[in-house]
Structures are given as C-alpha cells and as structure tokens.
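Close look at the chain arrangement
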Amino acid sequence: MDKQYKVQVKDLHKSYGENEVLKGIDLAVKPSEVVCMIGPSGSGKSTFLRCLNRLEVPNSGHIYIDGYDIADSKTDINLVRQNIGMVFQHFNLFPNMSVIDNITLAPVELKKMSKEEAQEAALHYLDIVGLKEKANVNPRTLSGGQKQRVAIARALAMKPDVMLFDEPTSALDPEMVGDVLGVMQDLAKEGMTMIVVTHEMGFAKRVADRVVFFHDGKIREDGTPEQIFEHPQHPDTQNFLNKVLNV
Amino acid sequence: MKKSWWQRTIISCAVMLMTTFAGLFVNKQVAHAEQTYTIGVVDTFAPFEIQNKQGTYTGKNPGIEPEMIRMIAKHEHFKYRYKIMSFNAILQALDSGQIDAGMGGMSVTDERKAKIDFSTSYYKDGIVMAVGKNSKITKMSQLKGKTVDVKSGAAGALYAESIKDKYGFKIKYFTTSNAMWNDVKSGNGAATFDDGPVLQYGIRNGMPLKIVTKQINATPIAIGFKKGQNKELQAKINDGIKWMQKTGRMQKLIDKYTKGSGTKTESSKDRTIFGLIKNNRKALLTGLWETIELTIIGSLCALAFGLVLGIMGIAEGKFWKGLSSTIIYIFRGIPMMVLAFFIYIGLPNLTGQKIPLFTAGVLTLMLDEGAYVGAIVRGGFEAVDVGQWEAARSLGLPYSKALVKVIAPQGLKIMVPSLVNQLIITLKDTSILSAIGVMELTQTGTVIIARNMEGFKMWLIIAVMYMIIITLLTWLSNYVQKRMEA
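Chain B is annotated in an unreviewed UniProt entry as Putative glutamine ABC transporter permease protein GlnM of Limosilactobacillus mucosae. Entered under Subcellular location (unreviewed entry) in the UniProt record, the comment concerning chain B runs "Cell membrane". Annotation of chain B in UniProt includes, under Sequence similarities (unreviewed entry), the sentence "Belongs to the binding-protein-dependent transport system permease family."

The name an unreviewed UniProt entry assigns to chain A is Peptide ABC transporter ATP-binding protein, from the organism Limosilactobacillus mucosae.

Spelled out as structure tokens, the structure:
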C-alpha cells in the first residue's frame, strides 16, 4: 500500500450469490480528505462503505486502512474497527442504556478507560454535537436529529482515524438535516478523514474534497465537486444529476 | 476460523454441567449401596400395599408385604429403602438394576421367571371378574363386543389377554386400580379382571362394584429379584418367609389384612371435602412443596440449558447453530413422559448407574423445558434489530461483549413474557413426573385416592391447589412486566 493514503482500496469485488454488486472498485483517500459517494440506489455505494469495516465481507480485493488489510480474514478486525467510526442511517443507538452510557461503553470496555475519564470525554463530545444537556436521558426520548448527533459523538469517543457515514440524514425529518450536516461540516474542518454516502448534493458540493459517482457496481466518475456537478463527463453521471437536481 | 473464547466458554460450561450431573448420581449411590437394599414397591395396592397419608410405608398398617419385609429385615438383620413406583416401572427397574428387589402382589408366571428370580411364595392370589353394582352381566360369555378394563402388567391383564379371543371382548389398560374401577363404575368398561383381595378391599371402601365370579387361576405371589443378582437378599428373604410361616406369623399377618383390623379407612364424616383436606393436609402440602421444588429447580436448570442453547443458536458458526437446532429438535420431539421413562429407567440400563428419582425428574424438566427455553432465547435474541449488532461491532466490540452488553439486555426483555409462560407450563408439566413415581402433588393425589377411593373430591381439591399456585404466578408475572415497562 501507499503510505500517502489513509484508505486504499484495490480491485474490490462483492457478490450475493449470482448477483455481483461490486465489480472491481479502486479508490484511494488521503488523510483529512472528505469523500462523498453518490449514485442511484442499488449502485453499490452502501455495500462498498460497509466493506470498509467488514460489516460486509468482500469476495476478493484489498482494503488497506492504517496498514491493515481489512479484506484479509487474518486481520484482527475488532482492533481495526476501533479506529474506524461508523454512523448509520437509522442511528442504532442502544436503547437499553442512557445517552452517556452509549458513548462511554466502547472506551471503557476496549480502551480500558476509567468510568470517570470516559464520562468526561463523553461530555466533551456531546458538547461538540450540542447535546450536553441530554447526557442522562434515554435515547428513545430524543428526536431523530438528536439521535444521529449522539451517534456521531459515540463514534468520535473512540478517537477514530476515519469516519464512515452511511446516508446519515436519509431517515431524518427535513428540519433536522441541517443540524447533523453542520456537525459533519465542523468535523471536516477539524481535519477528520471522512467517507460519506449521501443524497445531500448541497452538502457534497459544499464540504467534499472529492465526489465519487457509483453506477452499477462500479465507480463511473471521480473528481472534485466542480468537475462532477458542473462538468460531468459520463452520460450516466449526467443522467443521474439531471434527475436529482431538477426535481 | 479459530475458536474464540466464548465458544470455548460454552464448551467448558457444557462439560461442567454434564460432569456435575454425572457426579450427582454416581456419588449418592455408591455411598449407600453396600449395606442398604433398594426395594421397589408399588403405589397403594391394598391389601398388599397401603400407603399412609404421607405416601410412605412407615405407618402402623402398611399392607401385607411392607409389614412382612419389616419383620423379615429385623429378623435377618438387613436395611432397606423403598422406591415407590408403578407396577410396570418395577418390572422395568428390576430389569435395569435400579432396584434390588420389587414387590406389589407380584404373580409368579413362566414369562416373568425368564427375567426375574422369585422368592418363596407366601400367598396365593386369584383373579375375579367384577362389574358395576347395577350391571346385568354375570358371566364371561356376556362380554362379547364389550370393553374389559385391566391393569397393565398385572395378573388380571395376563388372564384377560389369554381369553379375549374366546369371548370376543376388547381390552383397555390402566395404571391404577382406582382409575380402572371408576371406568367400570361409570359404565365405560363393562367389567374388570383384578386380584380378588384387592377388589374386595375397594368394595369394602365404598367402590360400587360387585364380584361375579369365583377366584380364577390362583397364582402364587412372591417378591422379585433381578435374574441372577442379589442371591444374598433372596436367601435372606426366603429364610425370613420360612421363619414366619413356621411360627404362624404369616397367617396372622394375612388374616389381619384380609379379615381384620388392617383395612380400616376413613369414616364417612372424614369424607366431606373439608374432612379430606383436614385428614390429608400434611400429605397434600408435602406434595405441593415437592411440585414447587421441582418447578423452581427444574426451571432454573432449564433456563441455564436454554440460555446455552439460545446463545449457540445465534452463533456465527454453522456448527453451533446446527448443534443447537438439533438438540432443540430432539427434546421438543420427545413427549416428556417418554423422556422421563428414558432417563429414569432406560439410562441406568446403559450406564449401570442408578439415578435418584428427584434428579431424574429435574433432568427431565431441564432437557424438555430447556429445549423450549432455548427456542425462546434464540427467538428473543433474533428479535433484536440487526442494526444493534452492527453498531456494537463497528465500535470494535468483540462478539461476546456485543452480546452481553447490547443484545442480551434487549433480547431478555423481549423474552420475559414467554419465559414466564414457560414457567407456568413447567409447573403443570411436573405432574407428568408422577409416571415415574415422583411424589409431587399429582402422585400424592393418586396415592391418597388409592387408599380412600374418593376420586372426584380429591382431584377437585388438587385441581384447585394447582390453580391457586398458577394464579399467584400469573399475578407475579403481571407485576414484573408492569415494573419492567415502567
């Protein structure tokens, strides 16, 4: 692998039975780069993202993150996952514990942090996402946007090198979207390496360093937001952007 | 894939569980086997066996055989312990070596001689035919096309089988005399073939039947031993019988139970529902407590076993999933009574180790109810949103930590109603263990009824007792569920 990249993917394939959903993906992400992945549903972008922390096991190819090959079954995936934060479409907060316990669980269990230390850190991250006063409530009582911000704080508490976002605003009411995207924009400014699957074209334009267009299990086009949104080269890209931008 | 720590934990848990159980029955038995004989004895089979209110044979009038053994043991200097079971179970337990000797007014037949050694016979017993008090049947020739009730394995059954083609009747089998006689009383069965003295005892105690034949096929009665084993005990008992016959003790004993004071039972004022409760209070409470004990210990074991099965059922590896499904399939597929017989009577044949009755009961409950709990646990864990797994695992939590910290607490909450329901089912299922002779509430009822013949009132009392306990349990579970939702 190349040292200059944080994440490097080589010729990644993934099939479900007969159905090949990733048909050879190559992608390299530099430190502090924000990459947005767009494309029609079923194009493989979410599957690709889930391969990056082995929630999906690829059939062949390589994924290098921090020098570990994620695709290699010998890699201790639990260790690598500690450095890869993941935010889901449906938040997946743990309803059997309070907000702050959601955040301190992994640091206490895995980083051998003391409870007090972890709670202090958790309050810091809750402050970052603007929800410090919600520390002791049950996640069930939060709105969708608040839940997603807690989920981001939970991922940040492990101090990851890379953050993966799987359609983080798709399940939110429109008025909640702004809060979550705002937090993500702040993260990007801080220099976090981020890979984001999204339908928020405005966010991709504004925040992304690079936009990657997925179509039919392949990367059709890869470039700066200007290149992709202003001067799309491939007819599939033009077609897709016409549909989503001119609603 | 390498075996992770939790897989190894499950294996060691299972091994520990098995060794504990093995140790439980091995140690208990070896310690006592040397000086004390285990004698299998039937539930009340008056006048041969008459249990007291506590369901034991320690009282003043325990019946011909227990009183005879009591006298012989004193004379011949040996100790013994009774195991109370059905007549069929005695025959099987003799064969499997669960007991050293068995008795229950056992007829000496050629068929039985092949598998059982008999003591000297001390009494001759004949079969009689009895019909309902108002029945018009007086001869066997009137039985054509009708149903005849017999007790399976008993001499009456053997006789009925030998003449059934000649007279053209059908046979229905029962395990207790009382149930059988009530069937004839109600007119379902046209007649019954039973031991003369036993039927006389029943009629004297208010069973509305009448005997219409003389004693047929008088056969010798004796005590049975496993073929070729326990020659020592056999010699002692033969010696004792000879001594009792020579000294006139035997005739006196038999007279006491067939003509004299040994067959007195409750007076009519004790036969009201309240009289019956008052008279049998201690026995009923002991039976109830045994039921509760079995339920609690059995449920705890079933919960432990079910948790292991459930956790195996959601494991990542195909092997554990398959093993869990197979175990659940097997124990859900076997009727509990068959499982109880298999464990209590079948297993000792295989291992040569006796199993204490209570342990056999708990083991049956653990395996049978545990299979259901396993399915409940697996279902509960599977009902937790898969996103919870993904979120926990993507934080870097290993499988086991994700299970314990995130999935299990949510899954257990989902399971609680089903688990409480299973607890109530377990309580009711303990009654099935009466088949192997566990003195729980149902068996206590059987024993009391065999003595006082008050089938309707006693079963009513027992049904109400079960309902009270189950109502209390239901209230408790509603309370717990409300607390959990709050």
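In this section: the overall build of chain A. Along its length, chain A carries nine helices and 10 strands. Compactness check: chain A gives a C-alpha radius of gyration of 18 Å against a globular reference of 18 Å for 247 residues, within 12% of the reference. Within chain A, the proportion of its 247 residues that are buried is 55%. For chain A, long-range pairs separated by at least 24 residues make up 64% of all intrachain contacts whose partners lie at least 6 apart in sequence. Entry remark: accessible area of chain A is about 10,800 Å², with carbon and sulfur atoms responsible for 45%. Here chain A carries 28 positive and 34 negative side-chain charges, and the mean point of each set is 2 Å from the other.

This part is about the UniProt feature "domain: ABC transporter" (unreviewed entry) in chain A. The sites that UniProt annotates as "domain: ABC transporter" (unreviewed entry) are residues 7-241 of chain A. Helix makes up 37% of residues 7-241 of chain A and strand 26%, and the two end C-alpha atoms of the span are 27 Å apart.

Bringing the pattern of salt bridges into the picture now. Residue and element names in this part refer to chain B. In total, this model carries 21 salt bridges over all chains according to the counting rule given. For Lys-256, the salt bridge identified is with Glu-67, shortest N-O distance 3.0 Å. With Lys-256 in helix H9 (residues 249-258) and Glu-67 in helix H2 (residues 64-76), this pair connects stretches of sequence that are 189 residues apart. By relative accessible area, Glu-67 is classed as buried at 13%. Among the ionic pairs, Lys-227 bridges to Asp-117, the shortest N-O distance being 3.4 Å. With a gap of 110 residues between them, Lys-227 in the loop between strand E11 (224-226) and helix H8 (231-246) and Asp-117 in strand E4 (residues 116-118) connect regions that are remote in the sequence. Overall, Lys-227 belongs to the partly exposed group, its relative accessible area being 42%. Relative accessible area serves as the criterion here: at 9%, Asp-117 is assigned to the buried category.

Glancing now at the domain arrangement of chain B. All names here are of chain B. Along its sequence, chain B is organised into domain 1 (5-27 + 272-485), domain 2 (36-122 + 222-258) and domain 3 (124-219). For domain 1 and domain 3, the distance between their C-alpha centroids amounts to 40 Å. Contacts between the two partners involve seven residues from domain 1 and, on the opposite side, seven residues from domain 3. Both faces considered, domain 1 and domain 3 share a buried interface measuring about 480 Å² in area, 66% of it formed by carbon and sulfur atoms. Viewed at the interface, domain 3 and domain 1 are joined by zero salt bridges. Tallying contributions element by element places helix H17 (residues 441-452) first for the side of domain 1 that touches domain 3, with five residues.

Attention now goes to unusual backbone geometry. Residues and elements named next belong to chain A. One non-glycine residue with positive phi stands out, namely Asp-11, at about 50°. Looking at the secondary structure, you find Asp-11 in strand E1 (residues 7-16). One non-glycine residue, Glu-167, lies in the positive phi region at around 45°. Here Glu-167 shows up in the loop between strand E7 (162-166) and helix H6 (174-189).

Reading the values: the criteria
Residues numbered from 1 in each chain as written. Chains lettered and ligands numbered in written order. Predicted model: local features only at pLDDT ≥ 70, side-chain atom pairs only at ≥ 80, totals over all residues. Heavy atoms only, no water. UniProt positions renumbered as here; feature names shortened; annotations may be inferred. Helix = DSSP H or I, 4+ residues; strand = E, 2+ residues; numbered from the N terminus. Rg over C-alpha atoms; globule rule 2.2 N^0.38 Å. Buried < 20%, exposed > 50% of the residue type's maximum accessible area, 1.4 Å probe, protein only. Contact = heavy atoms within 4.5 Å. Areas by Shrake-Rupley, 256 points an atom, 1.4 Å probe, with all protein chains shown as cover. Lys, Arg positive; Asp, Glu negative; His and termini not counted. Charge placed at Lys NZ, Arg CZ, Asp CG, Glu CD. Salt bridge = Lys/Arg side-chain N within 4 Å of Asp/Glu carboxyl O. Domains from an automatic or database assignment. Buried area = accessible area lost by both parts, 1.4 Å probe.

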